[in-house]
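A closer look at the structure
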Amino acid sequence: MTCHSIPVIAIDGPSASGKGTVAALVAQRLGFHCLDSGALYRLTALVANSNGVALSDEAGLAQVALSLDVEFVAGGMTLMGRPVDEAMRSEAISAAASRVAQYHGVRMALLARQRAFRQAPGLVADGRDMGSVVFPDACLKLYLTASVEMRAERRYKQLMEKGIHVILRNLLDELRERDLRDATRQLAPLIQQADAILLDTSQMTIAEAVEFVLVHYEKVRVRE
Ligand code: DC
């Protein structure tokens, strides 16, 4: 793998694997831009929901994705000029985003938008198909995962800390369902690519995972 003049670090992996947190911290350490591609699918589902567009209406969803008025700003994002709140991270929107993401029209509508994030001095992008479809020439590709039990437990703790009460068993079932849908869909399914380095964080802290990515990025840079 060689780096394009603007390097991309692609971090793909299943829901609640911690890839978003790791991606944001790596971007911060390198002074790179950061793309949370899942947010685009989540916002498509959120806007479709409030505009009454059915989750089975591919053309309607693609139109929502195409006209999404989203801006990534310091510390978060805005939708139609207003800060996006935690509603985007709810379990209902997580499930809807995973369904919306199955459609070709939606994925195509979001492709150019994602590629536009590639700006100097570099980009850290996280999602499901960053290394396979959106940035196939990324100079470093990682597949970040953790056991489904560990991911459910982490998500459970996060929600409890926010005062949101959920049942761990339900979270586990929802994650399994979403993993299955994301990994078995026809388009850009979530799978570890042959050229992606596996990073299993089941027994790792976030700080250790960040170091792992930085060490590998340094190796790529030195080779060039
Ligand atoms: O990363 P996340 O949990 O925020 O993503 C929400 C959903 O969006 C996920 O279930 C599948 C979809 N997604 C995708 O299909 N491709 C991406 N690059 C990112 C997310």
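Further up the page is the structure itself.
Scoring rules and cut-offs
Residues take numbers from 1 onward in each chain, read along the sequence in its written order. Reporting of local features is limited, given that this is a predicted model, to residues whose pLDDT is at least 70; pairs of side-chain atoms are given and counted only at 80 or more, and all residues count toward the totals for whole chains, interfaces and linings. As a rule here, side-chain values come from all non-hydrogen atoms in the structure, and water together with hydrogens is ignored. Salt bridge criterion: a side-chain nitrogen from Lys or Arg within 4 Å of a carboxyl oxygen from Asp or Glu. The cut-offs for exposure are 20% and 50% of the maximum accessible area for each residue type, with area from a 1.4 Å probe on protein chains only; residues under the lower value are buried, those over the upper are exposed, and the others partly exposed. Secondary structure elements follow DSSP: runs of H or I of four or more residues count as helices, runs of E of two or more count as strands, with numbering from the N terminus. Here, residues are in contact when the closest pair of their heavy atoms is within 4.5 Å. One bridge is not enough; two strands pair if DSSP finds at least two bridges between them. Lines are fitted to the C-alpha atoms to define the axes, a helix being fitted only along its stretch in contact, and any angle between axes, read from their N-to-C directions, falls within 0 to 180 degrees. Any residue with a heavy atom positioned within 4 Å of a molecule or strand is treated as near that molecule or strand. Any pair of N or O atoms that falls within 3.5 Å is considered a polar contact. Within protein, one atom must be able to donate a hydrogen and the other to accept it, and sequence-neighbouring residues count only if both atoms are side-chain atoms. Surface exposure here means Shrake-Rupley accessible area, sampled with a 1.4 Å probe, where a residue is shielded only by the protein chains that are shown. Charged residues are taken to be Asp, Glu, Lys and Arg, nonpolar residues to be Ala, Val, Leu, Ile, Met, Phe, Trp, Tyr, Cys and Pro, and polar residues to be all remaining types, Gly included. What makes a nonpolar core is a set of buried Ala, Val, Leu, Ile, Met, Phe, Trp, Tyr and Cys residues whose side-chain atoms join them at distances within 4.5 Å.

1. Concerning the pattern of salt bridges
Using the criterion set out here, one finds 13 salt bridges in the structure. Between R185 and D182 there is a salt bridge; the shortest N-O distance is 3.8 Å. Across this residue pair, the class does not change: R185 and D182 are buried. Where R221 meets E218, a salt bridge forms, and the shortest distance between an N and an O atom there is 3.3 Å. Taken as a pair, R221 and E218 lie in helix 9 (residues 206-223) at a separation of three residues, close to a single helical turn. In this structure R221 comes out as partly exposed when scored by relative accessible area, which is 46%. Taken together, the shared-partner salt bridges connect E91, R155 and R178 into one network.

2. What to know about helix 4 (residues 91-100)
Extensive coverage of helix 4 is indicated by the burial of seven of its 10 residues. Along helix 4, the positions that sit buried rather than exposed are E91, I93, S94, A96, A97, S98 and V100. Considering only its buried residues, helix 4 is in contact with helix 2 (37-51), helix 3 (58-66), helix 5 (104-115), helix 7 (148-161) and helix 8 (168-184).

3. Brief notes about the environment of T145
As for its position among the elements, T145 is in strand 7 (residues 140-145). Linking T145 and A112, residues 33 residues apart in sequence, is a C-alpha distance of 27 Å. Look past the residues within four positions of T145 in its chain and what remains in contact with it is P14, S17, L198, L199, D200, T201 and S202.

4. Some thoughts on the sheet that holds strand 8 (residues 197-200)
By way of backbone hydrogen bonds, the strands of a sheet pair with one another, either parallel or antiparallel. An order of 2-6-1-7-8 is seen for the five strands of this open sheet, with the pairing classed as parallel. Strands at the two margins of the open sheet, each flanked by one partner only, are strand 2 (33-36) and strand 8. Averaged over all pairs of adjacent strands, the angle between their axes in this sheet comes to 20 degrees, without regard to strand direction. Summarising the sheet, strand 1 (residues 8-12) and strand 6 (residues 123-127) pair through five bridges and their orientation is parallel. Counterpart to A10 in the pairing with strand 6 is A125.

5. Some words on the site of the ligand
Neighbouring the ligand are 17 residues; R42, R107, D129, D182 and R185 lie closest to it. Contacts to the ligand include R42, whose side-chain N or O atom sits 2.7 Å from an oxygen atom. Here R107 contributes a side-chain N or O atom positioned 2.8 Å from an oxygen atom of the ligand. Considering the ligand on its own, with 450 Å² of exposed area, one finds that the protein chains cover 97% of that surface. Only helix 2, helix 4 and helix 8 provide two or more residues apiece to the shell around the ligand. Sorting elements by how many residues they give to the shell around the ligand places helix 2 first, with four residues. Looking at side-chain class alone, the shell around the ligand contains four nonpolar, five polar and eight charged residues.

6. Some remarks on the nonpolar core
Formed by 37 residues in total, the largest nonpolar core has its most connected members in L35, L43, L68, V106 and F135. Mapped onto this core, the elements with two or more residues apiece are strand 1, helix 2, helix 3, strand 4 (76-79), helix 4, helix 5, strand 6 and helix 6 (130-134). For this core, the leading source of residues is helix 2, giving eight residues. If we skip the residues at most four places from it in the chain, L43 touches L68, V70, M77, L79, V84 and M88. Core analysis: the next-biggest nonpolar cluster, separate from the first, contains 19 residues, C139, V210, L214 and Y217 among them.

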